[in-house]
Amino acid sequence: MSAPTRRLTTAQALVRFLSAQYTERDGVRRRLIAGTWGIFGHGNVAGVGQALLEAGEDVMPFHQGRNEQSMVHAAVGYARQLNRLSAQAVTTSIGPGATNLVTGAALATINRLPVLLLPGDYFATHSADPLLQQLEHPVEADVSVNDTLRPVSRYFDRITRPEALIPSALQAMRVLADPAETGAVTLALPQDVQAEAYDWPEEFFAERVWYVRRPAPDPVELAAAVEAIRSAERPLIVAGGGVHHSEAEAALKAFVDATGIPVSSTQAGKGSLRHDHPADLGGIGHTGTAVSDDLARTADLVIGVGTRYTDFTTASGTLFQNPDVRFLNLNITGFDAHKLAARTLVCDARSGLERLLEALTGHRVSEAYEAGYRAGKERWDEVVEAAYRAGDESAVPTQTQVLGALDAAVGDDDVVINAAGSLPGDLHKLWRSRSPRQYHLEYGYSCMGYEIPAGIGVQQAAPGTPVWALVGDGTYLMMPTEIVTAVQEGLPLNIVLIQNHGYASIGGLSEETGGERFGTAYRFRAADGTFTGAPLPVDLAANAASLGMDVLRAKTVRELREALATARAADRPTCVYVETDPAPTAPPAEAWWDVPVAETASREAAAEARERYDRQVAGRRRHL
């Protein structure tokens, strides 16, 4: 007797298959692919589009986007909010719709966050060749624009026959659900294959549960790690995003409470401890706090938990200056665990911290060390208060005073989202995280335009959660289009739109590196041809209103506080627009960041910048 089959198109089969996939960790089960974002064109409208229509919202919820890149950002925000245990798919047509996915895919893979990409592709039969938007390669006929997604995908396949979908779809789910492998997954779908019917085995559509592992540390590695910690006099934990993805915050707190080892956080790891925990020292690295970076310079053991050690974290290799410093890295991927020639614990963050705590019973850092970092934390808290404080409530707010007003307005479970510009540095130094998911910084790719669509994804993942997308004018102009989606879906997304007339962050970096802020201001051309004239008369608040948002304009600190309170209580998308005082009020960088400066230049600013650069680069170490 032959096994039962079901006759469906490839696209219909894919949608049905995706609807039956689940993850499970710690006994909690979630849909692996909880919905599909889409913009339709000739490359997917009659295939995946028809399949989604036929399946219906109960089988596969559909979300209508306005930009392909931003749809990926929304899916990434969704997955991050749910600790990578649930993801979304994104379908596009061929051509520009597909290539618009590349930036979002890179962001997802760099941040180790799952998203399923389903771009249309050329005819597998080449019967219509070349078709509209097809790239013709003179020597490789099987190449399409979708091949640009290969280097930014953790798994890629082109489904050139219906039956080829079966093994490929299973591999795609394996990668998406695997915490050590996850990232963007691409299944390129030729448009003729999408619509082709096939007799699918019924068991392809059976419910599947992908168990998300919590691998324990190897006993030999664990013993070496325990010995390293017991012998260290000045240990420091660097908490990365893996703490959150593993839901290891409680395990980290228990470990720190028992041992007294202080914690500094990367952008992705901030919030691993509450800001008011006595061992939480805030951010580390180029945008870190003084107390974190001071301890990092003298630490003899750096314990990385779920971190990639980017150049911002290591201050481009200049931060960890103790000649005897050694590294112990707890990470679910061997690739990251072995960085900086570290001792390794290749395991789940929660599992590893729990085993370390058991093995370190009775161990604690010295009272002098603990007293020293607590005093440093108190001094930094005073710096934060000074940056947040507004002596004159009727004055135009500075950017740090905007953060102070927001800090006073939000609740413990609100989510604050940012990705690029000058805000990430200010937030990393100053923000007081009160819950694990409150601080949502995309700093793996630092992608301008991420914040608004990611806010939509977060609200889809956590309905009822107040979400704040913090954007400057440069970022806003990159990708405001998903405001329309928030309005359409009735999502009460809050946008804090800060107008400072240009690329403030890169302008400061330009000045520091001898670039004299060239090409970073949003201004008219002056008589000499440079962009140094009057500010452009662009009304971004009016733009947000034209896309359907309620807009509150705040000109003073007092008006800002009132507007933020109104926005938080609103039940529809609301934008708080504020023009800030450009005077810098954030604490300066406490550690270096390597941006190479011209070795020869005729302009004095560049020559002076090169002298500073040569002094800084001399402090770089290779930890071997």
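Residues numbered from 1 in each chain as written. Predicted model: local features only at pLDDT ≥ 70, side-chain atom pairs only at ≥ 80, totals over all residues. Heavy atoms only, no water.

Asker: How would you sum up the side chain of T91? Please name residues and give values.
Answerer: Along the chain, the position of T91 falls in strand β6 (residues 87-92). Within the structure, the side chain of T91 is placed 3.2 Å from the backbone oxygen of L118, a separation counted as a polar contact. For T91, the residues in contact, after removing those within four places along its chain, are T36, W37, G38, I39, F40, N44, V48, M71 and L118. (Helix = DSSP H or I, 4+ residues; strand = E, 2+ residues; numbered from the N terminus. Polar contact = N/O pair within 3.5 Å; in protein donor to acceptor, adjacent residues only side chain to side chain. Contact = heavy atoms within 4.5 Å.)

Asker: Quick rundown of the nonpolar core? Include the residues and the values.
Answerer: Residues I229, I237, L252, L356, W468 and L470 are the most contacted members of the largest nonpolar core, which totals 77 residues. At 6 residues, the largest contribution of residues to this core is made by helix α15 (residues 367-388). Residues within four places of L252 in sequence aside, it is in contact with I237, A239, V243, V263, S272, L273 and L353. If you look at the next biggest cluster of nonpolar residues, it comprises 45 residues, including A75, L113, I483 and L491. (Core = buried A, V, L, I, M, F, W, Y, C linked by side-chain atoms within 4.5 Å. Buried < 20%, exposed > 50% of the residue type's maximum accessible area, 1.4 Å probe, protein only.)

Asker: I'd like a description of the environment of L176, backed by residues and values.
Answerer: Checked against the element boundaries, L176 lands in helix α6 (residues 165-177). For the pair L176 and L441, spaced 265 residues apart in the sequence, the C-alpha separation amounts to 21 Å. Discounting chain neighbours no more than four positions away, the residues touching L176 are L32, I33, P114, V115, L116, T182, G183 and V185.

Asker: Tell me about the sheet that holds strand β8 (residues 155-158), residues and numbers included.
Answerer: Strand order in this open sheet of 6 strands is β5-β4-β6-β7-β9-β8, and the pairing throughout is parallel. Of all strands in the sheet, those with a lone pairing partner are β5 (62-64) and β8, marking the two edges. Recorded for the sheet is a direction-independent mean angle of 20 degrees between the axes of neighbouring strands. Direction of pairing for β6 relative to strand β7 (residues 115-121): parallel, over a ladder of 4 bridges. Paired with T91 across the bridge in β7 is L118. Together, β4 (33-38), β7, β8 and β9 (184-190) form the strand contacts of α6, whose direction differs from that of β9 by roughly 160 degrees. (Pairing = 2+ DSSP bridges. Axes fitted to C-alpha atoms, helices over the stretch in contact; angles between N-to-C directions.)

Asker: Now, about the packing of aromatic side chains: what can you tell me, with residues and values included?
Answerer: Scanning the entire structure with this criterion turns up 11 aromatic pairs. Measuring from centroid to centroid gives 4.9 Å for Y198 and W200, while their planes differ by 75 degrees, and the two rings are edge-to-face. Taking the relative accessible area as the measure of exposure, Y198 reaches 26% and is therefore partly exposed. Ring centres of F320 and F327 lie 5.4 Å apart, and the angle between their planes is 85 degrees; on these two criteria the pair is classed as edge-to-face. For F320, a relative accessible area of 1% corresponds to the buried category. Classification of F327 as buried rests on a relative accessible area of 3%. Lying over the aromatic face of Y439, K270 brings its terminal NZ or CZ to 5.5 Å of the ring centre. R553 extends its terminal NZ or CZ atom over the ring of Y577, reaching a point 5.7 Å from the ring centre. (Phe/Tyr/Trp six-rings, centres within 6.5 Å; stacked < 30°, edge-to-face > 60°. Lys NZ or Arg CZ within 6 Å of the ring centre and 35° of its normal.)

Asker: Could you give an account of the sheet that holds strand β23 (residues 574-579), with specific residues and numbers?
Answerer: The 6 strands are arranged β19-β18-β20-β21-β23-β22 in an open sheet whose pairing can be described as parallel. Edge positions in the sheet fall to β19 (439-441) and β22 (550-554), since each of these pairs with one other strand and no more. The average angle at which neighbouring strand axes cross in this sheet is 20 degrees, direction not considered. Bridge count for strand β21 (residues 494-499) against β23 is 6 bridges, and the pairing is parallel. Bridge assignment links I498 to a residue of β23, and that residue is V578. Across the sheet, helix α23 (residues 557-569) is in contact with β20 (467-472), β21, β22 and β23; its angle to β22 comes to roughly 160 degrees.

Asker: With reference to specific residues and values, describe helix α2 (residues 45-55).
Answerer: Within the span of α2, buried status applies to G47, V48, G49, A51, L52 and A55. One face of α2 carries all of its buried residues, which in axial projection span an arc of 170 degrees. Summarising the geometry of α2, the exposed residues directed more than 90 degrees from the buried face are A46 and L53. Close packing links the buried residues of α2 with α1 (10-19), β4, β5, β6, β9 and α7 (191-195). Looking one or two places after α2, you find G56, whose phi comes out positive at around 90 degrees. (Arc of directions from axis to C-beta.)

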